[in-house]
Amino acid sequence: MKQLTIPAFFLLLAFVAQAQGFTKIDAHARSTPFPQKQDTKALAQALSVGCTTEKEKVRAFFVWIADNIKYDIKSFENRSDTDPKEQEEKQNPQHVLRAKKAVCAGYSNLLIALCKESGIKALRVDGITKNYRGTVSRAGHAWCLVRADGTWGLIDATWGAGDVDFDEGRYHEHFKENYFFS
């Protein structure tokens, strides 16, 4: 019995140590100001200060985006009335930084741009998901697949930032770390 207790204890210590490591990274990301010129390179460099691994950098990007970019409900609701080219332009990283809002494609594009500036592989995944009611959503969704420190993981900065109540037409900020490298 004691042999099972000791490894479990060390596993718990490893989990706590990693959580504490992200606590420092999260605090740094939350204190990093908005870039003056909507420059992804400068933002990636600022967020990378103090990071020793690729995963820490990606975590800083994820937290910063979740805390600073708001969901653009109006763009989502008016997507059928807007030119597709205009929709895509509104989701490019520079526009997202300037407007401080986006839909899922913009959240994903910004995360990918920050990763690219840091030499980290990242891809946007477009697909469909279930909504909060458990039914397949009629709208598509975008999230990221990122390779950090030799491991691929899924990251959804949109859902990590909060929830949209489409019945009320409101966005509710609520950071959820379970959308980081899940």
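See the structure above.
Residues numbered from 1 in each chain as written. Predicted model: local features only at pLDDT ≥ 70, side-chain atom pairs only at ≥ 80, totals over all residues. Heavy atoms only, no water.

## Focus on the packing of aromatic side chains
Under the definition given, this model contains 6 aromatic pairs. Here the aromatic rings of Trp159 and Tyr179 are separated by 5.8 Å at their centres, their planes lie at 75 degrees, and the arrangement is edge-to-face. Taken together, the residues Trp159 in helix 8 (residues 157-161) and Tyr179 in the segment after strand 7 (170-173) connect sequence positions 20 residues apart. With a relative accessible area of 24%, Tyr179 lands in the partly exposed category. One aromatic cluster is present, formed by Phe22, Phe62, Phe175, Phe180 and Phe181 through successive ring pairs. The residue whose ring lies beneath Arg59 is Phe22, and the NZ or CZ to ring-centre distance is 4.7 Å. The ring of Phe180 has Arg59 lying over it, and the distance from NZ or CZ to the ring centre is 5.2 Å. (Phe/Tyr/Trp six-rings, centres within 6.5 Å; stacked < 30°, edge-to-face > 60°. Helix = DSSP H or I, 4+ residues; strand = E, 2+ residues; numbered from the N terminus. Buried < 20%, exposed > 50% of the residue type's maximum accessible area, 1.4 Å probe, protein only. Lys NZ or Arg CZ within 6 Å of the ring centre and 35° of its normal.)

## Topic: the pairing of strand 5 (residues 151-155)
As paired elements, strand 4 (residues 136-148) and strand 5 share 5 bridges and run antiparallel to each other. Each residue of the ladder has a partner; that of Ala148, found in strand 5, is Thr151. Adjacent in sequence and paired antiparallel, strand 4 and strand 5 are bridged by 2 residues, among which Asp149 carries a positive phi angle near 55 degrees. (Pairing = 2+ DSSP bridges.)

## Brief notes about helix 2 (residues 40-48)
Buried within helix 2 are the following residues: Thr40, Leu43, Ala44, Leu47 and Ser48. The buried side chains of helix 2 occupy one side of the element, clustering within an arc of 130 degrees when seen end-on. Between the side-chain oxygen at the start of helix 2 and the backbone nitrogen of Lys41 there is a gap of 3.0 Å, and the oxygen is on Asp39. The positive-phi residue at the C-terminal boundary of helix 2 is Gly50, with phi of around 85 degrees. (Arc of directions from axis to C-beta. Polar contact = N/O pair within 3.5 Å; in protein donor to acceptor, adjacent residues only side chain to side chain.)

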